[in-house]
Amino acid sequence: MSTLTLTAGLNDAREVPETQRPSVDPVTGETPVGEMDDHALLEATRTGDELAFQEIVRRYRNLITNFVYRMLNDYDRAVDLAQETFLRVFMNAERYQANYSFSTYIYRIASNLAISELRQRKRRRLVPIPTFTSDKDAGEVEIDLPDTRQTRADDSMIEDERRRAVGRAISSLPEKYRTVVILRDIEGKSYEEISEVLGLSDGTVKSRINRARNLLKDKLQEYL
Amino acid sequence: MNCQQTRAAVDNASNQNNLTSGAEQHLASCPDCRHYSAGTFQLIALLAAQPRVEAPADFDFRLKARIARARDERHGWADSLPAFWMRWFSWKETAATLAMLAFVTVAATLYLTRRGETPRSDVQSAKVATVSEVKPTPGPASSEIALQGVGELPALQAHRAVRPPVRLPLTVNAGGSRPLAVAAPVEISGAQEILIYQPGRSGQPGLSRSVMVPRHGQVTWGAQLSGVQQAASTRPAPSHSAVETF
């Protein structure tokens with residue numbers, strides 16, 4: 001049984017220290033894995049350094065899990081596909097080419113897996129039961145509300161309902177609009193990064209984001 | 001800035017603080033764009049405030065197990081098959097086995113190839129052969145063949161080489177200027193050789209040629225005769241049959 005932990009806010013800054021300049025250990029002459037950039041970590045992973053791969057997993061596991069969860073609205077399957085993403089990174093580490101940032105690379109794998117899952121579900125006509133509700137009902141969800149000072153139960157319920165409505169609205173978007181709006185407005189990616197992840201032109205990305213936002217405005221107008 | 005440019009700037013901005021001064025000036029004077037801007041930024045804020053899920057505590061543990069399984073599957077066959085073989089057989093035994101397999105393969109190939117090239121002479125019987133298109137030239141006076149229901153066919157005769165001939169009932173469908181054009185669907189019990197003999201004119205050497213007819217096969221015998229080799233010219237053609245089998 002899985003435990004779902006919800007926290008508010010955008011990306012945790014400690015998880016993406018890719019641009020930090022690594023320092024060298026004066027004793028061993030090696031850079032600690034925690035201070036290596038992503039490319040260096042993957043290079044070390046190729047040579048069999050398990051600690052380096054663990055550091056990659058530590059940095060990206062929550063980001064990828066959250067992204068896939070927003071795509072599928074199914075926590076257990078999101079965890080499964082997040083693991084599949086890291087598995088592919090590990091098994092294909094030797095073939096990785098540093099043409100893009102590692103973040104773009106891993107998001108591309110995750111988005112491909114999520115899109116493939118959505119298409120399979122569409123073929124099978126599966127309707128996912130939102131984990132948000134079912135796990136909560138089972139008493140297995142630990143939720144950290146962003147505004148903990150808000151003590152009024154009514155406000156909490158309204159906020160909860162709003163989040164569920166947003167989740168449903170995102171899930172109802174067509175796959176091509178869902179992906180871009182999640183990457184842009186939830187994951188905080190730039191247009192250039194989204195273009196690289198999805199292999200689309202900037203113009204197409206902007207057009208899709210605009211279309212996705214307009215669809216969401218229609219669906220969520222009572223919350224805006 | 002006009003409305004289109006301002007809305008594009010709103011779409012590109014992640015929040016209201018990132019708007020350019022030109023866009024802000026336009027928003028101050030355009031209620032439609034102001035409404036559009038407010039709705040967009042509210043939606044962006046709503047989406048950004050969505051709770052973030054985290055990976056479960058056992059994520060790393062499960063991932064390690066999954067990687068281990070994937071490694072086993074990837075290397076499973078490649079590693080286990082040679083190890084299994086070498087556990088039971090030595091290098092000498094392996095080499096002897098491979099040599100034996102190669103010998104058997106070569107021998108079988110040679111046998112099957114030569115068997116297909118050798119003419120078969122073990123024909124037991126023949127039932128039907130049909131000359132479907134024969135265009136006889138005006139035959140020489142020495143024509144010796146008469147086919148049932150057709151009349152004389154001076155150009156078509158056959159010989160047997162070893163065994164007594166088995167006569168085939170023939171049917172000639174057409175006449176003409178070409179001496180031989182035979183399409184013969186043959187129903188026989190086995191492959192057989194048909195020798196066709198064309199007597200020469202005015203004492204000239206005759207021509208003969210053999211053809212293998214496969215079981216239930218059909219031989220088309222027409223233009224090939226233009227290239228047939230001169231055969232035993234002095235041998236007289238049998239007077240009682242046109243095509244015989246051997």
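Higher on the page you've got the structure.
My aim in this report is to walk through the structure given alongside it, one point at a time. Please read these numbers as outputs of a predicted model, since none were measured by experiment.

**Digging into the overall build of chain B**
- Scanning chain B for helices and strands turns up five helices and twelve strands.
- Counting only residues that meet the buried cut, chain B has 35% of its 246 residues in that class.
- Taking as baseline every contact in chain B between residues at least 6 positions apart, the subset at least 24 positions apart corresponds to 70%.
- About 15,000 Å² of surface is accessible on chain B, with carbon and sulfur atoms providing 56% of the total.

**Comments concerning the packing of aromatic side chains**
- On inspection of all chains with the given rule, the structure shows eight aromatic pairs over all chains.
- Ring geometry for Phe86(A) and Phe59(B): centres 5.8 Å apart, planes at 85°, overall edge-to-face. One end of the pair, Phe86(A), is in helix α3 (residues 75–91); the other, Phe59(B), is in helix α4 (residues 59–88), on a second chain.
- Classification of Phe86(A) as buried rests on a relative accessible area of 0%.
- Judged by its relative accessible area of 0%, Phe59(B) falls in the buried class.

**Topic: helix α1 (residues 38–46) of chain A**
All names here are of chain A.
- Of the residues making up α1, those classed as buried are Asp38, Leu41, Leu42, Ala44 and Thr45. With its buried residues spanning 160° around the axis, α1 presents them on a single face.
- Contact partners of the buried residues in α1: α2 (50–72), α3 and α4 (102–124).
- Its side-chain oxygen at 3.3 Å from the backbone nitrogen of His39, Asp37 defines the N-terminal cap of α1.
- Just downstream of α1, Gly48 is the residue with a positive phi angle, here 95°.

Cut-offs applied
Residues numbered from 1 in each chain as written. Chains lettered and ligands numbered in written order. Predicted model: local features only at pLDDT ≥ 70, side-chain atom pairs only at ≥ 80, totals over all residues. Heavy atoms only, no water. Helix = DSSP H or I, 4+ residues; strand = E, 2+ residues; numbered from the N terminus. Buried < 20%, exposed > 50% of the residue type's maximum accessible area, 1.4 Å probe, protein only. Contact = heavy atoms within 4.5 Å. Areas by Shrake-Rupley, 256 points an atom, 1.4 Å probe, with all protein chains shown as cover. Phe/Tyr/Trp six-rings, centres within 6.5 Å; stacked < 30°, edge-to-face > 60°. Arc of directions from axis to C-beta. Polar contact = N/O pair within 3.5 Å; in protein donor to acceptor, adjacent residues only side chain to side chain.

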